[in-house]
Amino acid sequence: MLFLMGSATLIAFPLVGWLLTFVIPSSLGITFSSIFKIEGGYFVFIPLFLSIGILFGLFVIWLTELNYFEQAMKPYKDLLSNYNLTTFYVFFLSICAGVGEEVFFRGVIQPILGVWLTAFMFVAIHGYFSFKNKRINIFAILLTLFIAFIGWASKSYSIWLAISAHFSYDLVLLFYYKRTNAK
């Protein structure tokens, strides 16, 4: 199941993004190959964005372990505990989400909708906004700020920075849940 979910994310999101590039007005200048360009030596920022993703992941772990958020985050933690996360799957899923989702959202959707609306949509699709639970909404707002930040980095510099931050954020969280579920 994990392999299927990861593969679908890695293949389906970029495929839909690629197809959308054929219907997006050419005035936006979005081609599938242009999404991946890295110019001006911005690749040197990749380690910084890997670090930012790690730090935000550690912040989220700390935050969700606080009594205030613990019950609100329980359904998400329980969902992850249903899967047998091996080290392979932690890396695999982090790569698949980092690449697949960023290509679609930051590469194709963001130039159309903008950084903030895309960030909001991204967090909402992941189920982090609630009409009933203000604690989840507080978490969702913090996550939206992070996603908007990596959206800005993608827009201003390169999608590879967003991919790096997303990958390392997921890596930290998935390793944490792997470790806590093993106990």
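Here the structure is a predicted model, which means the values were calculated and not measured. (Residues numbered from 1 in each chain as written. Predicted model: local features only at pLDDT ≥ 70, side-chain atom pairs only at ≥ 80, totals over all residues. Heavy atoms only, no water.)

## As for the packing of helix H4 (residues 87–113) against helix H5 (residues 115–125)
In a packed pair of helices, the relevant descriptors are the angle between the two axes and the axis-to-axis distance. Cut-off, in case you're wondering: As a rule, the C-alpha atoms of each element are fitted with a line to give its axis, helices using only the stretch in contact, and angles between N-to-C directions run from 0 to 180 degrees. Secondary structure elements follow DSSP: runs of H or I of four or more residues count as helices, runs of E of two or more count as strands, with numbering from the N terminus. Any angle between 65 and 115 degrees counts as roughly perpendicular, while under 35 counts as roughly parallel, over 145 as roughly antiparallel, and the rest as oblique. Each crossing gets its handedness from the near helix: less than a right angle anticlockwise from the far helix is left-handed, clockwise is right-handed. By the convention used here, residues are in contact when the closest approach between their heavy atoms is within 4.5 Å.
Across the interface, H4 lies against H5 with an axial gap of 8 Å and an inter-helix angle of 140 degrees. With respect to H5, the axis of H4 lies oblique. By crossing handedness, the relation of H4 to H5 is classed as right-handed. Packed against H4, whose contacting residues are Glu 101, Phe 105, Arg 106, Ile 109, Gln 110 and Leu 113, the element H5 presents Val 115, Leu 117, Thr 118, Met 121, Phe 122 and Ile 125 at the interface.

## So, the nonpolar core
This is how it is decided: Side-chain atoms within 4.5 Å link the members of a nonpolar core, which is a set of buried Ala, Val, Leu, Ile, Met, Phe, Trp, Tyr and Cys residues. For every residue, the accessible area (1.4 Å probe, protein chains only) is compared with the maximum for its type, and the residue is labelled buried under 20%, exposed over 50%, or partly exposed between those bounds.
In this structure, Phe 139, Leu 143, Phe 146, Ile 147 and Tyr 169 are the most contacted members of the largest nonpolar core, which totals 42 residues. If you list the elements that add at least two residues to this core, you get helix H2 (46–65), helix H3 (67–81), H4, H5, helix H6 (134–156) and helix H7 (159–182). When near neighbours in sequence (up to four residues on either side) are disregarded, Phe 139 contacts Val 60, Leu 63, Thr 64, Phe 69, Met 73, Tyr 128 and Tyr 169.

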